[in-house]
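Observations on chain architecture
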Amino acid sequence: MAISHTTILGKWLERLETGCPDAQEAIIEHTCERLQNMAKRMLRTSPKVRRWAETDDLLQDALVRLHRSLAQVKPTTAREFYGLAATQLRRQLIDLARKHYGPEGIGTNLPMNDSDRISLFEATPPESLDDWSEFHQQIDCLPSEQKEIFHLLWYEGLTQAEAAKVLRISHATLKRRWQSARLTLTEALQGDMPS
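Procedures and definitions
- Residues numbered from 1 in each chain as written.
- Predicted model: local features only at pLDDT ≥ 70, side-chain atom pairs only at ≥ 80, totals over all residues.
- Heavy atoms only, no water.
- Core = buried A, V, L, I, M, F, W, Y, C linked by side-chain atoms within 4.5 Å.
- Buried < 20%, exposed > 50% of the residue type's maximum accessible area, 1.4 Å probe, protein only.
- Helix = DSSP H or I, 4+ residues; strand = E, 2+ residues; numbered from the N terminus.
- Contact = heavy atoms within 4.5 Å.
- Patch = residues over 30% accessible without salt bridge, like charges linked within 9 Å, V, L, I, M, F, W, Y side chains within 5 Å.
- Areas by Shrake-Rupley, 256 points an atom, 1.4 Å probe, with all protein chains shown as cover.
- Salt bridge = Lys/Arg side-chain N within 4 Å of Asp/Glu carboxyl O.
- Lys, Arg positive; Asp, Glu negative; His and termini not counted.
- Charge placed at Lys NZ, Arg CZ, Asp CG, Glu CD.
- Polar contact = N/O pair within 3.5 Å; in protein donor to acceptor, adjacent residues only side chain to side chain.
- Axes fitted to C-alpha atoms, helices over the stretch in contact; angles between N-to-C directions.
- Parallel < 35°, antiparallel > 145°, perpendicular 65-115°, else oblique.
- Left-handed = near helix turned anticlockwise from the far one by under 90°.
- Expected span 1.5 Å × (residues − 1).
- Arc of directions from axis to C-beta.

What follows concerns the nonpolar core. With 46 residues, the main nonpolar core has Leu35, Leu66 and Phe81 as its most contacted residues. Elements that contribute at least two residues to this core include exactly α1 (5-17), α2 (23-44), α4 (55-72), α5 (78-101), α8 (128-141), α9 (144-155), α10 (160-167) and α11 (171-188). Looking at this core, the element that brings in the most residues is α5, giving 10 residues. Phenylalanine 81 has contacts with Leu9, Leu13, Ile27, Thr31, Leu35, Leu66, Leu70 and Pro75, leaving out every residue within four places of it along the chain.

Here it is in structure tokens:
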């Protein structure tokens, strides 16, 4: 019988809590493929950033952040670990947006040829970068229950049934919390959800 991904991660998280020196690296190695998929989904929400950064760029810097976080924060469950990982990925995505499109950023100051301009702005209007950055920042401000559901459904791409199972709540409870999270986010963004 094969041991599940979550069971293996749980064993490494236990070792991390007891101070095992190899635990951080083992956890990151074990979850790297899932974290890469999460990074890929996040980067899809920012086509302008994707012009200058690839999935591996986002992932590598987020893993450095995650490694530092694991030295201080000791998640005890896969659920807590993936919440921490999603937070680090989201923060890195915001930093990449600021780096490339801030006042000194290459995306702000490099002239584009017409074909770049057309394809880039068809995919993402210029104001959308700020909208997406604000969107990711507001997710950090959600109450913990809502943020956790947002991580599972939006960033990890789980179905509602899978997320309910992970959280050990009923599907109806998950749907209610998901709706509440979306309403809270819409209010925080004053109804201006990025397209």
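Alright, that's what it looks like, and here's the rest.
This brings us to a negative patch on the surface. A cluster of acidic residues, Glu54, Asp56, Asp57 and Asp61, forms a negative patch at the surface. Here aspartate 56 shows up in helix α4.

With respect to the helices and strands, alanine 188 occurs in helix α11. Between the alpha carbons of alanine 188 and glutamate 134 there is a distance of 9.5 Å; along the sequence they are 54 residues apart.

This brings us to the side chain of threonine 87. If you trace the backbone, threonine 87 turns up in helix α5. Given a relative accessible area of 10%, threonine 87 falls into the buried group. A distance of 2.9 Å separates a polar atom in the side chain of threonine 87 from the backbone oxygen of glycine 83. Beyond its immediate sequence surroundings of up to four residues, threonine 87 is in contact with Asp140 and His151.

What follows concerns the packing of α9 against α10. Packing of α9 against α10 leaves a shortest axis separation of 9 Å and a crossing angle of 135°. In terms of orientation, α9 and α10 fall into the oblique class. As for the relative orientation of α9 and α10, their crossing is right-handed in sense. Packed against α9, whose contacting residues are Glu148, Ile149, Leu152 and Leu153, the element α10 presents Gln160, Ala163, Val166 and Leu167 at the interface.

Counted at 1.5 Å a residue, the expected span for α11 with its 18 residues is 26 Å, and the 26 Å between its end C-alpha atoms agrees. Of the positions making up α11, those classed as buried are Thr173, Leu174, Trp178, Ala181 and Leu185. Taken end-on, α11 shows its buried residues confined to a sector of 130°, consistent with a single buried face. With respect to the buried face of α11, the exposed residues turned more than 90 degrees away are Ala172, Arg176 and Glu187. Following α11 by one or two positions, glutamine 190 adopts a phi angle in the positive range, close to 55°.

A few words on the side chain of glutamine 138. Within the secondary structure, glutamine 138 sits in helix α8. Using a relative accessible area of 17% as the deciding quantity, one classes glutamine 138 as buried.

If you trace the backbone, tryptophan 12 turns up in helix α1. Among the residues examined, tryptophan 12 registers a relative accessible area of 22% and is labelled partly exposed. Separated by 11 residues in sequence, tryptophan 12 and alanine 23 have C-alpha atoms that sit 5.8 Å apart. Apart from the residues lying within four places of it in its own chain, the contact partners of tryptophan 12 are Asp22, Ala23, Ala26 and Ile27.

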